[in-house]
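Residue strings, one per chain:
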2 protein chains.
Amino acid sequence: MITVAVDAGGADKGAAEVAAGAAEAVRSGDIRVILFADGNQVGSVPQGVEVRHAPLSIAKVADPAAAVRTSPDSSVVQAAKAVASGEADAFVSGGSTGAALAAGVLHIRRLPGVHRPALALLVPVPGAPVLLLDVGASTEVRVERLVQHAHMGSAFGQAVFGMEKPRVALLSNGEEPTRGTPEVIQAHALLAADERLSFVGNVEGVGIADGRADVIVTDGFTGNVALKLMEGVSSAVVNAIRTAASADARAAAGALLLKPALGGLRDQLDPESHGGAHLLGLRKVAVVPHGRFGRVGYGKAIEIAAEAVRSDAVGRTHAALAAAGVLRGS
Amino acid sequence: MITVAVDAGGADKGAAEVAAGAAEAVRSGDIRVILFADGNQVGSVPQGVEVRHAPLSIAKVADPAAAVRTSPDSSVVQAAKAVASGEADAFVSGGSTGAALAAGVLHIRRLPGVHRPALALLVPVPGAPVLLLDVGASTEVRVERLVQHAHMGSAFGQAVFGMEKPRVALLSNGEEPTRGTPEVIQAHALLAADERLSFVGNVEGVGIADGRADVIVTDGFTGNVALKLMEGVSSAVVNAIRTAASADARAAAGALLLKPALGGLRDQLDPESHGGAHLLGLRKVAVVPHGRFGRVGYGKAIEIAAEAVRSDAVGRTHAALAAAGVLRGS
């Protein structure tokens, strides 16, 4: 039985929607959820979901990281503490990445030797699964973080997504080793010399899902812009097709016939169907869904958190970093 | 009559394809082209296109910027010199941005007070035209460049794309003024305090074409990754739809009916139909098409270059920078 501590404080659609997602996730029978939420908002919950009354949400405050330090009774801090104490095995907190990150670092704490956690997720682009990190945990660019994140992504992809010897690439503005910011160029040289990693060099934005890399590493600023750009372009294209499909009766009939075949694509492009991003580098599993997710996305977030616990993603990632000699102080 | 100097040295499809594009562009009667290419490869050319034999291409060398300095007889340098001397009004060079940039800076030269040129182009995303810059002229991030590029983009969008008082935004990992790299945060503060500019704050990747901004400013590393990502995601989505459309007879029939309505979208997503990027900040108009463009893309590149000359984009941009007091030394 895996216990997941879920913070409902940042959910745009409210605690009842998160509770419905939790109900979905516990149905398999091997997941238990402790839900930190305003108890008056939750409604009825099934067996397997326990509600802890935590009406204070800090997801929408201006400086959630500061609020984490000063609000021990907030839902996100309570959820993180439940994981830190061992009562729960994994942490799920959506809405404010800043709050989830701060609560995670403060209470669950970083793995020894890890510089900074990274947010990693499967890109919402058609094609083979590709893990992108960091998509927004930190906007500071440092060579040693890019290198550590490359190893973290590789180990995590192997543990959780069954990637065999993942091909790791750096996101850059050209494929040559000399292209990129000074930090990317230096990280490239270090990664290329590392035989423990299957490093395939730089990929450009156009190569985000062309099958050349399983894990793509970038800094949190570029990664966040990239992730949201993918979502923006996908939805702009899908909306444009929808508009075209209502242009006339002929197009509408065509769209109706085509629709069933597009179902799989719709799922691939929908961030909610992936459950959100994994926050790597903490001592326990942590998952950050979008605050706008509904029951489907929160349910999926709880499931991928449990899956990461099952596959010992944290232990395997830390062991890989140690073996690669890229932990701080090693 | 506007004369455009065209370097065919970097065209993947060869000089004859560029010549065919030039033939298309001169058909209107008010454009003349001087084509710098291997004369033996060009084939027949119509009236209005003059071929200058320049068989040496440096577009594919490892360090095109160095090659520009040492190869005065290369096609890109000859084309830039024709513009610098006043023989031609605009410069078109595809294939190697590094070579075009180096030849432009060395021979056409920067506008007085401009820190660095920027590559600007209309994003290949459905929706209202949005000008993105810098998409790859420089990977170094500097506050004063972001500020200057904001004014350059605004003035250029006004001059060439008829944007009235363009709404200018910074690309960042969050909308709040405190989000982004230290350089983005500083640039935000400076731009927000500038009343001559219609600055609308930060946009995230997801807002690339949602109608909130006409001009989006970022550094050349992030911009290049972003541009190629848009192309990659668009083509991945379009390919996935194509695959879905061949899943079965029903889907194929639907796609056939829908196809005519999708024609406009196909054009919007096709980088070739935009003609390439404008290189802003030089003393003359310069346009950089993709090296993989065929006659359509090169023809369009020549046309948008002529259009920028007609609208005095360079003079108006420089005047706007001077009025804003953001030229170096002012």
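These notes cover the structure that comes with them. (Residues numbered from 1 in each chain as written. Chains lettered and ligands numbered in written order. Predicted model: local features only at pLDDT ≥ 70, side-chain atom pairs only at ≥ 80, totals over all residues. Heavy atoms only, no water.)

**Quick look at the overall build of chain A**
Piece 1. Helix and strand content of chain A: twelve helices and eleven strands.
Piece 2. On C-alpha atoms alone, chain A measures out to a radius of gyration of 20 Å, which is about the 20 Å that the 2.2 N^0.38 rule sets for 330 residues.
Piece 3. In terms of overall dimensions, chain A has a C-alpha envelope of 65 × 55 × 40 Å along the principal axes.
Piece 4. Within chain A, contacts between residues separated by at least 24 positions form 69% of all contacts whose residues are at least 6 apart in sequence.
Piece 5. Accessible surface, chain A: about 12500 Å² in total, of which carbon and sulfur atoms supply 51%.
Piece 6. Computed over 30 positive and 32 negative side-chain charges, the inter-centroid distance for chain A is 2 Å. (Helix = DSSP H or I, 4+ residues; strand = E, 2+ residues; numbered from the N terminus. Rg over C-alpha atoms; globule rule 2.2 N^0.38 Å. Contact = heavy atoms within 4.5 Å. Areas by Shrake-Rupley, 256 points an atom, 1.4 Å probe, with all protein chains shown as cover. Lys, Arg positive; Asp, Glu negative; His and termini not counted. Charge placed at Lys NZ, Arg CZ, Asp CG, Glu CD.)

**Some words on helix α11 (residues 295–310) of chain A**
Piece 1. Across its 16 residues, α11(A) extends 22 Å between first and last C-alpha, which sits within 8% of the 22 Å expected from 1.5 Å per residue.
Piece 2. After α11(A) finishes, the residue D312(A) shows a positive phi value of roughly 50 degrees. (Expected span 1.5 Å × (residues − 1).)

**A look at the nonpolar core**
Piece 1. By size, the foremost hydrophobic cluster in this structure holds 240 residues, and its most contacted members are L35(A), F91(A), L35(B) and F91(B).
Piece 2. Every residue in contact with L35(A), bar those within four places of it in the chain, is listed here: V6(A), A8(A), V18(A), A19(A), V42(A), V49(A), E50(A), V51(A) and R52(A). (Core = buried A, V, L, I, M, F, W, Y, C linked by side-chain atoms within 4.5 Å. Buried < 20%, exposed > 50% of the residue type's maximum accessible area, 1.4 Å probe, protein only.)

**Re the relation of the copies chain A and chain B**
Piece 1. The two copies are related by a screw operation: chain A maps onto chain B through 180 degrees of rotation and 0.0 Å of translation along the axis, at an RMSD of 0.0 Å. Taken together, the rotation angle and the small translation identify this as a two-fold axis. No C-alpha of chain A lies nearer the rotation axis than that of G254(A), which sits 1.8 Å from it.
Piece 2. Interface overlap between copies is the fraction of interface residues in one copy that are interface residues in the other; for chain A against chain B it reaches 100%, indicating a shared surface. (Least-squares fit on C-alpha atoms with pLDDT ≥ 70 in both.)

**Quick word on the sheet that holds strand β5 (residues 118–122) of chain A**
All names here are of chain A.
Piece 1. Within the open sheet, the eleven strands sit side by side as β3-β2-β1-β4-β11-β10-β5-β6-β9-β7-β8. Their pairing is mixed. The open sheet has two free edges, formed respectively by β3 (49–53) and β8 (198–203), since each of these has just one partner strand. Recorded for the sheet is a direction-independent mean angle of 25 degrees between the axes of neighbouring strands.
Piece 2. Bridge count between strand β1 (residues 2–7) and strand β2 (residues 31–37): six bridges; the pairing is parallel. Residue pairing across strands places T3 opposite R32, the latter belonging to β2.
Piece 3. Contacting β1, β2, β3 and β4 (90–93), helix α4 (residues 75–84) runs over the sheet at an angle of about 160 degrees to β1. (Pairing = 2+ DSSP bridges. Axes fitted to C-alpha atoms, helices over the stretch in contact; angles between N-to-C directions.)

**Side note on the sheet that holds strand β8 (residues 198–203) of chain B**
All names here are of chain B.
Piece 1. On the basis of which strands lie adjacent, the open sheet formed by eleven strands has the order β3-β2-β1-β4-β11-β10-β5-β6-β9-β7-β8 and mixed pairing. Every interior strand has two partners, whereas the edge strands, β3 (49–53) and β8, have only one. Strand after strand, the sheet turns through a mean of 25 degrees between neighbouring axes, direction not considered.
Piece 2. For strand β1 (residues 2–7) and strand β4 (residues 90–93), the ladder comprises four bridges, and the chain directions are parallel. Residue pairing for β4: D7 is matched across the bridge by S93.
Piece 3. Sheet contacts for helix α5 (residues 97–108): β4, β5 (118–122), β10 (277–280) and β11 (285–288); angle to β4, the most-contacted strand, approximately 155 degrees.

**Considering the packing of aromatic side chains**
Residues and elements named next belong to chain A.
Piece 1. Tallied over the entire structure, the rule returns two aromatic pairs over all chains.
Piece 2. Relative to F161, the ring of F156 has its centre 6.0 Å away and its plane inclined at 75 degrees; by these criteria the two rings are edge-to-face.
Piece 3. You can call F161 partly exposed: its relative accessible area is 29%. (Phe/Tyr/Trp six-rings, centres within 6.5 Å; stacked < 30°, edge-to-face > 60°.)

**Focus on the pairing of β10(B)**
All names here are of chain B.
Piece 1. With burial as the criterion, each face of β10 is covered, one bearing A277 and L279 and the other bearing H278 and L280.
Piece 2. Two elements, β5 and β10, share three bridges in a ladder whose sense is antiparallel. Bridge pairing in β10 links A118 to L280.
Piece 3. Here β10 folds back onto β11, and the loop between the two strands holds four residues, one of which, G281, carries a positive phi near 110 degrees.

**A short note on the interface of chain A and chain B**
Piece 1. Contacts between the two partners involve 46 residues from chain A, matched on the other side by 46 residues from chain B.
Piece 2. Overall, the association of chain A and chain B removes approximately 4000 Å² of surface from exposure, summing both partners, and the carbon and sulfur fraction of that is 79%.
Piece 3. In this assembly, chain A and chain B are joined by two salt bridges.
Piece 4. Between E204(A) and K228(B) there is a salt bridge whose closest N-O contact spans 2.4 Å.
Piece 5. Mapped by element, the contributors of at least two residues to the side of chain A that touches chain B are α8 (220–245), α9 (249–258) and α10 (263–269) of chain A.
Piece 6. For the side of chain A that touches chain B, the leading source of residues is α8(A), giving 18 residues.
Piece 7. Per-class residue counts for the side of chain A that touches chain B are 30 nonpolar, eleven polar and five charged. (Buried area = accessible area lost by both parts, 1.4 Å probe. Salt bridge = Lys/Arg side-chain N within 4 Å of Asp/Glu carboxyl O. Nonpolar A, V, L, I, M, F, W, Y, C, P; charged D, E, K, R; others polar.)

**Quick notes on the side chain of R145(B)**
All names here are of chain B.
Piece 1. Relative to the helices and strands, R145 resides in helix α6 (residues 143–161).
Piece 2. Look at R145 and you get buried, because its relative accessible area is 10%.
Piece 3. Among the polar contacts made by the side chain of R145, one reaches the side chain of S138 at a distance of 3.1 Å.
Piece 4. Those residues in contact with R145, other than ones at most four positions away along the chain, are H115, R116, S138 and E140. (Polar contact = N/O pair within 3.5 Å; in protein donor to acceptor, adjacent residues only side chain to side chain.)

**Thoughts on the packing of helix α6 (residues 143–161) of chain A against helix α12 (residues 313–324) of chain A**
Residue and element names in this part refer to chain A.
Piece 1. Direction vectors running N to C along α6 and α12 enclose 140 degrees, while the axes themselves pass 9 Å from each other. In terms of orientation, α6 and α12 fall into the oblique class. Note on packing geometry: the crossing formed by α6 with α12 is right-handed. Where α6 approaches α12, its residues Q148, H151, M152, A155, F156, Q158, A159 and V160 are matched on the opposing element by A313, R316, T317, A320, L321 and A324.
Piece 2. Here the residues of the contact of α6 with α12 sort into nine nonpolar, four polar and one charged. (Parallel < 35°, antiparallel > 145°, perpendicular 65-115°, else oblique. Left-handed = near helix turned anticlockwise from the far one by under 90°.)

**Regarding the pattern of salt bridges**
Piece 1. Tallied over the entire structure, the rule returns 30 salt bridges over all chains.
Piece 2. With a shortest N-O distance of 3.1 Å, E50(A) and R32(A) are connected by a salt bridge. Here R32(A) lies in strand β2 and E50(A) lies in strand β3, a separation of 18 residues in the sequence.
Piece 3. Of the residues examined, E50(A) reaches a relative accessible area of 30% and is grouped as partly exposed.
Piece 4. The closest approach of N and O atoms between R295(B) and E17(B), which form a salt bridge, is 3.1 Å. Pair noted here: R295(B) is in helix α11 (residues 295–310) and E17(B) is in helix α1 (residues 15–26), with a separation of 278 residues, a long-range link.
Piece 5. Where salt bridges share partners, they join R32(A), E50(A), R52(A) and E87(A) into one cluster.

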